[in-house]
Amino acid sequence: MKICPHCGFEFRVNVVSERSTGFKYLRSGCCDTALRKCPDPSELLRCSSLSLEERDYLKRLVDLPWFSGQVAAVLLQIEAKTQASVEVAA
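Presented here is a report on the structure given in the accompanying data block. (Residues numbered from 1 in each chain as written. Predicted model: local features only at pLDDT ≥ 70, side-chain atom pairs only at ≥ 80, totals over all residues. Heavy atoms only, no water.)

**Some remarks on the nonpolar core**
- If you look at the biggest cluster of nonpolar residues, it comprises 15 residues, and the most contacted ones within it are Leu26, Leu58, Phe67 and Leu75.
- When contributions to this core are tallied by element, the ones reaching two or more residues are β1 (13-17), α2 (52-61) and α3 (69-89).
- In contact with Phe67, other than residues within four places in its own chain, are Val15, Lys24, Cys38, Pro41, Leu61 and Leu75. (Core = buried A, V, L, I, M, F, W, Y, C linked by side-chain atoms within 4.5 Å. Buried < 20%, exposed > 50% of the residue type's maximum accessible area, 1.4 Å probe, protein only. Helix = DSSP H or I, 4+ residues; strand = E, 2+ residues; numbered from the N terminus. Contact = heavy atoms within 4.5 Å.)

**Re the packing of aromatic side chains**
- One pass over the full model with this rule turns up zero aromatic pairs.
- Here Lys24 stacks its cationic end above the ring of Phe67, 5.1 Å away from the centre of that ring. (Phe/Tyr/Trp six-rings, centres within 6.5 Å; stacked < 30°, edge-to-face > 60°. Lys NZ or Arg CZ within 6 Å of the ring centre and 35° of its normal.)

**Some words on the sheet that holds strand β3 (residues 34-37)**
- Read across the sheet, three strands follow the order β1-β2-β3 without closing on themselves; strand pairing throughout is antiparallel. In this open sheet, the two strands that pair with only one neighbour each are β1 and β3. Between one strand axis and the next, the sheet turns through 30° on average, direction left out of account.
- Relative to β3, strand β2 (residues 24-28) is paired through three bridges, and the arrangement is antiparallel. In the strand pairing of β3, Arg27 is matched with Ala34. (Pairing = 2+ DSSP bridges. Axes fitted to C-alpha atoms, helices over the stretch in contact; angles between N-to-C directions.)

**Thoughts on the pairing of β2**
- Burial along β2 is one-sided: the residues Lys24, Leu26 and Ser28 are buried and none of Tyr25 and Arg27 is.
- Strand direction decides the pairing type here: β1 and β2, joined by five bridges, are antiparallel. Bridge pairing in β2 places Asn14 opposite Arg27.
- Between β2 and the antiparallel strand that follows it, β3, lie five residues; Asp32 among them carries a positive phi value of about 60°.

**Overview of the side chain of Thr82**
- Structurally, Thr82 is set in helix α3.
- The exposure class of Thr82 is buried, given its relative accessible area of 7%.
- In terms of polar contacts, Thr82 uses its side chain to reach the backbone carbonyl oxygen of Glu79, at 2.8 Å.
- The contact partners of Thr82, leaving out residues within four places of it in the chain, are Leu44, Cys47, Ser49 and Leu50. (Polar contact = N/O pair within 3.5 Å; in protein donor to acceptor, adjacent residues only side chain to side chain.)

Okay, here's the thing in structure tokens:
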């Protein structure tokens, strides 16, 4: 269980879609604090280090108007993996 650094309660990730721009943002579910922009599946698909399973997963998400917190957590894991592979290659 992760503890929120802002409020001290159990930390959960929520995704909020901004209707005017279509961008998705991550917010903490416990205290509604803005965290950052949600990783974009179409941008993550550009990384060459993804497995076939990750690519299929991201392709299914590209056109969705919103994500659940669980999907956001998977996107963050994939993003961390792609960033690590870029740093190793550099």
